[in-house]
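Chain by chain, the residues:
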Amino acid sequence: MTDTPNLGQSAQPGQPVRAVLVGAGHRGVLYSRYSQVAPGELAITAIVEPDPIRRARWGDEFGIPESARFASLDDLPPAGVIAEAAINATMDPDHVVTAKQLLAGGYHVLLEKPIAQNAADLLDLQAAQERAGTTLMICHVLRYAPFYLEAKRLVAEGAIGEPLTIEMAEHVSYDHMALAYVRGRWGNSERSGSSILLAKCSHDLDLMTWLCNAAPPARVASAGSRGMFIPARKPAGAGTRCLSDCAIERTCPYSAGRLYLDLEKWGEYVWEQAEHLGPELTLEQKQESLRTNNRYGTCVWGNDNDVMDRQALTVEFEDGVVGSFTLATNSPASSRTLTVIGTTGEIHGALESGELRVRRLTSDPTQAYLEEIHRIGVKGDMHGGGDHGLVADFVRVIRGEPASASTTQLADSINGHLLVFAAEEARKAGGWVTLADLTASNEPAPARQG
């Protein structure tokens, strides 16, 4: 792709924003389907995907002509030719290099998280975006979920006075943990390039900095360990693959046969490796895939996973607010909880219940406190209803309309990732790490003049 900085191409008045899908995996396709929900707002007019099967499949679904289907980003013309914007859902290690290339070509970019896999690359991308002058928004979709939008509104309107503390927790279900962070591509941090805190919890730390963002985070401490999916816990009779040599497969809750065949969980990930067999696999094909070369068919106690299966961190903000976050895995069901305590009350709730309980101090001699419950409609998918809200906001920003309160433009999203990188340094060092020291030691070299 030819470098054409500062194009900042915009959609024609009255026409949908034209976007290229870069990386046709599950997330990129989901965001792109906003074009089917709101065709007057977004049109997918090109695709960049190295895998020919995916390129053909999603090219057909979105009605993309053969001339706009590319195997490499190098073949994509500059912004304004066939698209003004890009939905960048490439693999984690490719986020920075592809985003920089798209920005240099004049594209407005919606980038899947994590933004980058280390602080140096994150700050380098920030500098590239500032040079390009085009929009770079991050897929922190939970900011757009009605649950967190309501919590943000309550805090911003002073419903509990000034925030003092914010407590958050994420409980990752046993099946999600086994899929993504044991058997899957994020189970080994050296292979994937990401810690579990970055791959899974950058959403949560972004929310923490957003919900109480009167001041940026100043320093962080963290502790974590790994002790669940280790060889020492492997039960007697367990084999190497669930459907080939395991004597306890039918009584094991982590059985690949139970999770991916009987319960039909996580199919969009489990059957990616078998896409060459066709879009609709037979039961026999799925069984053979799990029995032989599908990584999701391996024993959970026999993988090379090295990521933490529990972690906690404490954050001190520059205005004195103290935040805490706990990651717990192997929970029977996934959940996210939130508690914000302020000078005049507290907000507490769980994403899955769709309720926020607001309690306020009172001088009423007949009551200890006042309480009201805010019930928010919760959708069973798409991050609590946030995915398409994110894309809609991206379209509005490109069109020059006011950004929403949830805006995930890079400058508004960077602190959550810096918290992740500082927390990992703190965990390894066993002490506090300041964000000022982290950024100072990772600032990119000044751009060469001339």
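Residues numbered from 1 in each chain as written. Predicted model: local features only at pLDDT ≥ 70, side-chain atom pairs only at ≥ 80, totals over all residues. Heavy atoms only, no water.

Asker: How would you sum up the side chain of Glu112? Please name residues and give values.
Answerer: When you line up the elements, Glu112 lands in the loop between β5 (108–111) and α5 (119–132). A relative accessible area of 10% places Glu112 in the buried class. Setting aside chain neighbours within four positions, we find Glu112 in contact with Arg27, Tyr31, Asn88, Ala89, His95 and Cys139. (Helix = DSSP H or I, 4+ residues; strand = E, 2+ residues; numbered from the N terminus. Buried < 20%, exposed > 50% of the residue type's maximum accessible area, 1.4 Å probe, protein only. Contact = heavy atoms within 4.5 Å.)

Asker: With reference to specific residues and values, describe empty space enclosed by the protein.
Answerer: Per the stated rule, a full pass over the model turns up 1 cavity of 30 Å³ or more. Roughly 50 Å³ of internal volume is contained in the largest cavity. Taken together, Arg183, Arg241, Cys242, Cys246, Cys252, Ser255, Cys299, Val300 and Trp301 make up the lining of the largest cavity. Residues that form the lining of the largest cavity fall into these classes: 6 nonpolar, 1 polar and 2 charged. (1 Å grid on protein atoms, 1.4 Å probe; cavity = no way out; pocket = protein on both sides within 12 Å on 5 of 7 lines; lining within 4 Å. Points joined across faces, edges and corners; volume = space filled by probe spheres on them. Nonpolar A, V, L, I, M, F, W, Y, C, P; charged D, E, K, R; others polar.)

Asker: Explain the state of the cysteines to me, and be specific about the residues and the numbers.
Answerer: Scanning the model with the defined rule gives 0 disulfides in all. Free cysteine Cys252: the closest other cysteine sulfur is in Cys246, separated by 6.3 Å. (Disulfide = S-S within 2.5 Å.)

Asker: Kindly report on the pattern of salt bridges, identifying the contributing residues and their values.
Answerer: Summed over all chains, the structure comprises 30 salt bridges. Note that Asp304 and Arg191 form a salt bridge whose closest N and O atoms lie 2.7 Å from each other. Taken as a pair, Asp304 in the loop between α13 (283–291) and β9 (310–317) and Arg191 in helix α8 (residues 189–192) lie far apart in primary sequence, 113 residues in all. Classification of Asp304 as partly exposed rests on a relative accessible area of 41%. For Arg191, a relative accessible area of 43% gives the class partly exposed. Between Arg310 and Asp309 there is a salt bridge, with its nearest N and O atoms 2.7 Å apart. Owing to a relative accessible area of 36%, Arg310 belongs among the partly exposed residues under this scheme. (Salt bridge = Lys/Arg side-chain N within 4 Å of Asp/Glu carboxyl O.)

Asker: I'd love a proper account of the packing of helix α16 (residues 410–429) against helix α17 (residues 435–442), names of residues and values included.
Answerer: Contact geometry for α16 and α17: axes closest at 10 Å, N-to-C directions at 95°. Between α16 and α17, the angle falls in the class roughly perpendicular. Across the interface between the two elements, Asn415, Leu418, Leu419, Phe421, Ala422 and Glu425 of α16 pack against Leu435, Leu438 and Thr439 of α17. For the contact of α16 with α17, a count of residues per class yields 6 nonpolar, 2 polar and 1 charged. (Axes fitted to C-alpha atoms, helices over the stretch in contact; angles between N-to-C directions. Parallel < 35°, antiparallel > 145°, perpendicular 65-115°, else oblique.)

Asker: Could you give an account of the sheet that holds strand β8 (residues 217–225), with specific residues and numbers?
Answerer: Spatially, the 9 strands line up as an open sheet ordered β14-β13-β12-β11-β7-β10-β9-β8-β15, and their pairing is mixed. Edge positions in the open sheet fall to β14 (370–375) and β15 (433–434), since each of these has one partner strand only. Across the face of the sheet, helix α6 (residues 146–156) comes into contact with β7 (163–173), β11 (335–342), β12 (345–350), β13 (355–360) and β14 while running at roughly 20° to β13. (Pairing = 2+ DSSP bridges.)

Asker: Report on the confidence of the model for the protein chain, specifying residues and quantitative values.
Answerer: Residue-level pLDDT values for the protein chain average 92, and 93% of them are 70 or greater. With pLDDT under 50 throughout, residues 2–8 is counted as low confidence; its partners more than four residues away or in other chains account for 18 contacts. (pLDDT = per-residue confidence, 0-100.)

Asker: Give me the packing of aromatic side chains: which residues, what numbers.
Answerer: Think of a pair of aromatic rings as described by two things: how far the centres are apart, and how the planes are tilted against each other in angle. Inspection of every chain in the model, using the stated rule, returns 7 aromatic pairs. Ring centres of Tyr254 and Trp301 lie 5.4 Å apart, and the angle between their planes is 85°; on these two criteria the pair is classed as edge-to-face. A residue pair is termed long-range when its members are at least 10 positions apart, and Tyr254 in the loop between β8 and α11 (256–262) and Trp301 in the loop between α13 and β9 qualify at 47 residues. For the pair Tyr254 and Trp301, one class covers both residues: buried. Taking the centre distance of 6.3 Å and the plane angle of 50° together, the rings of Trp266 and Tyr269 count as tilted. In this structure an aromatic cluster arises from ring pairing among Tyr174, Phe229, Tyr254 and Trp301. A cation sits over an aromatic face here: Arg185 above Trp186, 5.4 Å from the ring centre. Against the face of Trp432 rests Arg219, its NZ or CZ located 4.0 Å from the ring centre. (Phe/Tyr/Trp six-rings, centres within 6.5 Å; stacked < 30°, edge-to-face > 60°. Lys NZ or Arg CZ within 6 Å of the ring centre and 35° of its normal.)

Asker: Lay out the sheet that holds β5 in plain terms, naming residues and giving numbers.
Answerer: Within a sheet, adjacent strands bond to each other through the backbone by hydrogen bonds, running parallel or antiparallel. Sheet architecture is open: 6 strands sit in the order β3-β2-β1-β4-β5-β6, paired in parallel fashion. At either end of the open sheet lies a strand with only one pairing partner, and these are β3 (69–70) and β6 (136–138). Bridging between strand β4 (residues 85–88) and β5 involves 4 bridges; their strand directions are parallel. When the bridges of β5 are listed, Ile87 appears paired with Leu110. The strands touched by helix α15 (residues 387–398) are β1 (17–22), β2 (42–48), β4, β5 and β6; relative to β5, the strand with the most contacts, the crossing angle is about 165°.

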